[in-house]
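Structure assessment
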Amino acid sequence: MPRISAATIGEHRAQTRDRILQAVSRLSREQGIDAISMTDVAGEAGITRTVLYNYFPDKTALLLAFTERVTHYFIDSYERELPAGASPADRLRAFVRLQLDGLLAHPHPGAADLSATLGPDAYQRLAEHVAPMQRVLVEILENGQASGDFQLLDAPATARMVLAVIGAERVPLISGDVTVEAAAELVTAFVLRALGVDAAPR
């Protein structure tokens, strides 16, 4: 029987789950999410594989939980760091920077590789977990369109394109060929020009 360090079993389970997801976060920075095994996670979290499987029955379930956690962190960071009354362009800059920070902090394979690894059903569930981030971007674009700052035809379609441009910096970031600052400047300038904004460096 594992030793319970918290006041209640519920608190103990929450602490253990948090420790597991923190282990995934550390391992993802060292070797990438696709290379992590359940054995790696159990060892990093300081628990047995049996305990790990009591929380997450397989790697897919673990990856989905981790993605949900990262998504919540992104949205919290975006809302916390964005200045009150920020312009649509400044909101877009903040979004791009936080997305690039996330790519570097939690390296993961591209969408096609991830789909092949997880399978179509699990990949669809993963897409549903990251949907709130896309909704944030769609809202930025719609607000910019309404204010006349952005020129676009379809906000959801444009959001997918913006995310694709951000994702294109994944490999250069992970390999160290580009810094987050340089990538953010390049991506933001490209996207803002595409939206009809004068994107002079700030």
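Given the structure is predicted, the values throughout are model-derived calculations rather than measurements.

Definitions and limits used
- Residues numbered from 1 in each chain as written.
- Predicted model: local features only at pLDDT ≥ 70, side-chain atom pairs only at ≥ 80, totals over all residues.
- Heavy atoms only, no water.
- 1 Å grid on protein atoms, 1.4 Å probe; cavity = no way out; pocket = protein on both sides within 12 Å on 5 of 7 lines; lining within 4 Å.
- Points joined across faces, edges and corners; volume = space filled by probe spheres on them.
- Helix = DSSP H or I, 4+ residues; strand = E, 2+ residues; numbered from the N terminus.
- Nonpolar A, V, L, I, M, F, W, Y, C, P; charged D, E, K, R; others polar.
- UniProt positions renumbered as here; feature names shortened; annotations may be inferred.
- Salt bridge = Lys/Arg side-chain N within 4 Å of Asp/Glu carboxyl O.
- Buried < 20%, exposed > 50% of the residue type's maximum accessible area, 1.4 Å probe, protein only.
- Phe/Tyr/Trp six-rings, centres within 6.5 Å; stacked < 30°, edge-to-face > 60°.
- Lys NZ or Arg CZ within 6 Å of the ring centre and 35° of its normal.
- Axes fitted to C-alpha atoms, helices over the stretch in contact; angles between N-to-C directions.
- Parallel < 35°, antiparallel > 145°, perpendicular 65-115°, else oblique.
- Left-handed = near helix turned anticlockwise from the far one by under 90°.
- Contact = heavy atoms within 4.5 Å.
- Core = buried A, V, L, I, M, F, W, Y, C linked by side-chain atoms within 4.5 Å.
- Expected span 1.5 Å × (residues − 1).

1. Points about empty space enclosed by the protein
Over the atoms, a rolled probe matching the size of one water molecule traces out where space is still vacant. This model, assessed by the stated rule, comprises one cavity of 30 Å³ or more. One number sums up the size of the largest cavity: a volume of about 60 Å³. Along the walls of the largest cavity sit Val 24, Ile 33, Ile 36, Lys 59, Leu 62, Leu 63 and Phe 66, which together make up its complete lining. The biggest single contributor to the lining of the largest cavity is helix 4 (residues 59-81), with four residues. Taken together, the residues of the lining of the largest cavity break down into six nonpolar, no polar and one charged.

2. A short note on the UniProt feature "DNA-binding region" (unreviewed entry) in the protein
Sites flagged by UniProt as "DNA-binding region" (unreviewed entry) map to residues 37-56. Across residues 37-56, the secondary structure splits into 75% helix and 0% strand, with the terminal C-alpha atoms separated by 12 Å.

3. Side note on the pattern of salt bridges
If charged atoms from side chains of opposite charge come close, those side chains can pair. In total, this model carries five salt bridges according to the counting rule given. In this structure, Arg 26 engages Glu 44 in a salt bridge whose closest nitrogen and oxygen atoms are separated by 2.7 Å. Placement of Arg 26 in helix 1 (residues 9-31) and of Glu 44 in helix 2 (residues 38-45) is noted, with a sequence separation of 18 residues between them. Overall, Arg 26 belongs to the partly exposed group, its relative accessible area being 28%. Residue Glu 181 pairs with Arg 97 through a salt bridge whose shortest N-O separation is 3.4 Å.

4. What to know about the packing of aromatic side chains
Following the criterion strictly, the structure yields two aromatic pairs and no others. On the numbers, 6.4 Å between centres and 15° between planes, the contact of Phe 74 with Tyr 78 is stacked. Of this pair, Phe 74 and Tyr 78 both sit in helix 4, four residues apart, which is roughly one turn of that helix. Here Phe 74 and Tyr 78 have matching classes, each one buried. Where Phe 74 meets Phe 95, the ring centres are 5.3 Å apart and the plane angle is 85°; that geometry is what we call edge-to-face. Separated by 21 residues along the polypeptide, Phe 74 in helix 4 and Phe 95 in helix 5 (residues 88-105) bring together distant segments of the chain. For the pair formed by Phe 74 and Phe 95, the shared burial category is buried. These aromatic residues form a ring-pair network of at least three members: Phe 74, Tyr 78 and Phe 95. For the cation-ring pair, Arg 13 lies above Tyr 55, with the distance from its terminal atom to the ring centre recorded as 4.3 Å.

5. Section: the packing of helix 5 against helix 8 (residues 155-167)
It is at 10 Å that the axes of helix 5 and helix 8 come closest, and there the two elements cross at 45°. Looking at the two axes, helix 5 sits oblique to helix 8. With respect to the hand of their crossing, helix 5 and helix 8 are arranged in right-handed fashion. Where helix 5 approaches helix 8, its residues Phe 95, Val 96, Gln 99, Leu 100 and Leu 103 are matched on the opposing element by Leu 163, Ile 166 and Gly 167. In the contact of helix 5 with helix 8, the residues fall into six nonpolar, two polar and no charged.

6. Describing the nonpolar core
Leu 92, Phe 95, Leu 100, Leu 141, Phe 150, Ile 166 and Leu 195 are the most contacted members of the largest nonpolar core, which has 34 residues in total. Secondary-structure elements contributing two or more residues to this core are helix 4, helix 5, helix 7 (120-147), helix 8 and helix 10 (180-194). The leading source of residues in this core is helix 5, at seven residues. The contacts of Leu 195, once residues within four sequence positions are left out, are Leu 92, Leu 141, Asp 149, Phe 150, Gln 151, Leu 152 and Thr 158. Judged by nonpolar contacts, the second largest core, of 20 residues, contains Leu 21, Ala 23, Val 41 and Ala 42.

7. With respect to helix 10
With 15 residues, helix 10 should reach 21 Å at 1.5 Å per residue; the first-to-last C-alpha distance of 21 Å fits that figure. Within helix 10 the residues assigned to the buried category are Val 180, Ala 183, Ala 184, Val 187, Thr 188, Ala 189, Val 191 and Leu 192. Check the buried side of helix 10 and you find it contacts helix 5, helix 8 and helix 9 (170-175). Phi for Gly 196, located one or two positions after helix 10, is positive at around 85°.

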